[in-house]
Amino acid sequence: MKYIFSLLAALIALPSWACTSFLVGKKASTDGSTFITYNADSYGMYGSMRFLPGGSHPKGTMRTIIDGDSNKYLGEIPEAPVTYTVIGQINEHQVSITETTFGGRAELDGKYEGIDYVSLMTLGLQRSRTAREAIQVMTSLVEKYGYASEGESFSIADPNEIWIMEMIGKGPGRKGAVWVAIRIPDDCIAAHANQSRIHKFNLKDKDNVIAARDVISFARKQGYFSGKDEEFSFADAYSPADFSALRFCEARAWSFYNKWVDGMEKYLPAVDGRHIGQTEPMPLYFKPKRKLSLEDLMASNRDHYEGTPFDVTKDAGAGIGEMPYRPTPLTWECDGKKYFNERPISTQQSAFTVICQMRAHLPNAIGGILWWGNDDPNMIAYTPVYCQNTSIPLCYNDPEADAVTFSWNSAFWVCNWVANMTYPRYNQLFPALEKQRNALEKKFIQDTKNVEAEAQTLLSSDPAAARQRLTEFSNESARYMMRKWRDLGQYMIVKFNDMTIKPEDADGQFSRTPDGFGATPKRPGYTDEYKRVIIRETGEKYRMPE
């Protein structure tokens, strides 16, 4: 038998080169949760939540491997006798895996030979009950079948442990991969964002470090390293940093740490891209100044470098709407000179964003939550989906929608519709979006407490009923978000039509004249900051005569 595993790659393929992931240990969180996050950033990708039911498979069942980025056929491998249910980036045992692509040395790219990183992550989720087991599954598979992708940083977590594993292939025609996995201490936080972050590591620390046998010797053979073993840096050997790797990638990790760790100013030269080889790199993890909550992770995903030297809200690039976003590409030319845009954590090209929450003090059905949103994390409300649900919200996997097909039933398109109204007039429209977003998240977080108490009572007597209750709650939360977001879009088009602002009365209703007509809208015009930009550009051209 063959088990076809294309996963509708065009719908849910994970994007390369443009993601961010944060990790929080159970003693670094306010409620004992472990967390990993994922902003899946790409250009033109349609974001959709996957639902892969677990099951038993007869001996001889084969698994077809399809590259998650290209939809290219890569081959077949034997299917596992038993697989576990996967929803998005979490499985039924509260194991979660996310990634960011660092690329690394081009000659080590697997070039579609073996198992690609998207399939590898899914196989890890479908075959593992713990983070350590996922590492073993993923590394043994590439050892046997080869690794078909570029260099990857994986966040791998369960309710008790969080790990970062970095992996890169050995080049076309060579099986296996070189890799190292580091356990992040329980009281620490970590981050990676498209650049290798593992430098020196202690191979004698068997409890917290796992690595390929030849992770150092292969680097020597390739001429990437010639020092003592204890001086070996995975990042320096396999992904030497350049300006882009630091300014566009490491700076995002720095900004996350900067929110929660004191003294991060000293690492600015390590991430600004202008001091390559002159500074020590940032450590892989830090102990935060206080414990982080779910809400803190949501806020971290929405960061635009506010209040830092990389702040994108303070210059002319923000435009008339003071927008904390920049058009792509990241680099551009003008009059023969090259320039760049900052690349913050929160970016308009997110296809979806997730926060995986895992709790050891609760049964798996209740403990594992995928907090999901379609589009830029700053512009969406995260809704909860439990890891043992029997179905997923239809709006997160609308069969009628894709990257070039709009649907009012697709969260991706409804959220992008609202966001794209907001971007150009951000300073005027965003406060309305932010108010709705925050109200929804506050409601969902409170609602989870209520439904979990209900499910906890049901679980001992009727586990199936408990899972069904959590499924109904998750699906209704997503439907409620969609109703509110469609209402928000309709409100915005009325409120802010034609670059004006319609007034409202004390009850939040649009004001009318005594004759019943809509009240005269306000015309805000330019901000003072942008007026000065125009004056600098045009001089006296638009100055009124005295």
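Residues numbered from 1 in each chain as written. Predicted model: local features only at pLDDT ≥ 70, side-chain atom pairs only at ≥ 80, totals over all residues. Heavy atoms only, no water.

Novice: Looking at this structure, I do not really get the pairing of strand 19 (residues 337-340). What am I missing?
Specialist: Strand residues, when the strand is regular, have side chains that alternate between the two faces of the sheet. One ladder, built from 4 bridges, connects strand 18 (residues 331-334) with strand 19; its direction is antiparallel. Bridge pairing in strand 19 places Trp 332 opposite Tyr 339. Where strand 18 folds back onto strand 19 in an antiparallel hairpin, the turn is made up of 2 residues, including Asp 335, whose phi is positive at roughly 55°. (Pairing = 2+ DSSP bridges. Helix = DSSP H or I, 4+ residues; strand = E, 2+ residues; numbered from the N terminus.)

Novice: I tried to follow the sheet that holds strand 17 (residues 285-286) on my own but got confused; where do I start?
Specialist: Hydrogen bonds along the backbone pair up the strands of a sheet, which may run parallel or antiparallel. Read from one edge to the other, the open sheet built from 7 strands follows the order 17-15-2-3-20-21-22, with strand pairing classed as antiparallel. Here the strands that pair on one side only, and so sit at the sheet edges, are strand 17 and strand 22 (383-386). Strands strand 2 (19-24), strand 15 (189-192) and strand 17 of the sheet are contacted by helix 6 (residues 243-260), whose axis makes an angle of about 160° with strand 15. Against the sheet, helix 11 (residues 426-461) touches strand 21 (369-373) and strand 22, its axis set at about 30° to strand 22. (Contact = heavy atoms within 4.5 Å. Axes fitted to C-alpha atoms, helices over the stretch in contact; angles between N-to-C directions.)

Novice: Which parts of the structure should I look at to understand the pattern of salt bridges?
Specialist: Where side chains of opposite charge bring their charged atoms close, a pairing between them can arise. Taken as a whole and judged by the stated rule, the model has 27 salt bridges. Ionic pairing is found between Arg 343 and Asp 41, a salt bridge with its closest N-O pair at 2.8 Å. You can see Arg 343 sitting in the loop between strand 19 and strand 20 (350-358) and its partner Asp 41 sitting in strand 3 (residues 34-41), a full 302 residues away along the chain. Asp 41 carries the same exposure label as Arg 343, and that label is buried. The salt bridge involving Glu 546 is made with Arg 543; its shortest N-O contact spans 3.4 Å. Under the relative-accessibility criterion, Glu 546 is labelled exposed at 88%. Taking relative accessible area as the criterion, Arg 543 reaches 53% and is therefore assigned exposed. One salt-bridge network, held together by shared partners, links Arg 132, Glu 161, Arg 183 and Asp 186. (Salt bridge = Lys/Arg side-chain N within 4 Å of Asp/Glu carboxyl O. Buried < 20%, exposed > 50% of the residue type's maximum accessible area, 1.4 Å probe, protein only.)

Novice: When you look at the packing of aromatic side chains in this model, what are you seeing that I'm missing?
Specialist: How two aromatic rings sit relative to each other is given by the distance of their centres and the angle of their planes. Evaluated as defined, the whole model comprises 30 aromatic pairs. Measuring from centroid to centroid gives 5.7 Å for Tyr 491 and Phe 510, while their planes differ by 20°, and the two rings are stacked. Here Tyr 491, found in helix 12 (residues 463-495), pairs with Phe 510, found in the loop between helix 12 and helix 13 (528-538); they are 19 residues apart in sequence, far enough to count as distant. Residue Tyr 491 is classed as partly exposed on the basis of its relative accessible area, which comes to 25%. On the numbers, 6.0 Å between centres and 40° between planes, the contact of Tyr 526 with Tyr 530 is tilted. For Tyr 530, a relative accessible area of 24% gives the class partly exposed. Joined through ring pairs, the aromatic side chains of Tyr 46, Phe 406, Trp 408, Phe 412, Trp 413 and Trp 417 make up one cluster. Positioned above the aromatic ring of Phe 218 is the side chain of Lys 170, whose terminal nitrogen or guanidinium carbon lies 5.5 Å from the ring centre. Lying across the ring of Tyr 480, Lys 443 places its NZ or CZ 4.9 Å from the centre. (Phe/Tyr/Trp six-rings, centres within 6.5 Å; stacked < 30°, edge-to-face > 60°. Lys NZ or Arg CZ within 6 Å of the ring centre and 35° of its normal.)

Novice: So what exactly am I meant to see when it comes to the environment of Lys 449 here?
Specialist: Mapped onto the elements, Lys 449 comes out in helix 11. Note on Lys 449: relative accessible area 52%, which makes it exposed. Measuring from C-alpha to C-alpha, the distance between Lys 449 and Lys 337 comes to 55 Å, with 112 residues separating the pair along the chain.

Novice: Any chance you could explain the confidence of the model for the protein chain here in plain terms?
Specialist: The predicted coordinates ought not to be read in detail in places where the model reports low pLDDT. Averaged over every residue, the pLDDT of the protein chain is 94; the share at 70 or more is 97%. In this model residues 1-17 is a low-confidence stretch, pLDDT under 50, and it forms 65 contacts with partners more than four residues away in sequence or in other chains. (pLDDT = per-residue confidence, 0-100.)

Novice: Whenever I open this one, the side chain of Thr 98 confuses me. Can you help?
Specialist: Here Thr 98 is to be found in strand 11 (residues 96-103). On the basis of relative accessible area, Thr 98 is assigned to the buried category, the value being 0%. A distance of 3.0 Å separates polar atoms of two side chains, one belonging to Thr 98 and the other to Ser 21. Thr 98 has contacts with Ser 21, Ile 36, Thr 37, Tyr 38, Gln 89, Met 121, Ser 153, Phe 154 and Ser 155, leaving out every residue within four places of it along the chain. (Polar contact = N/O pair within 3.5 Å; in protein donor to acceptor, adjacent residues only side chain to side chain.)

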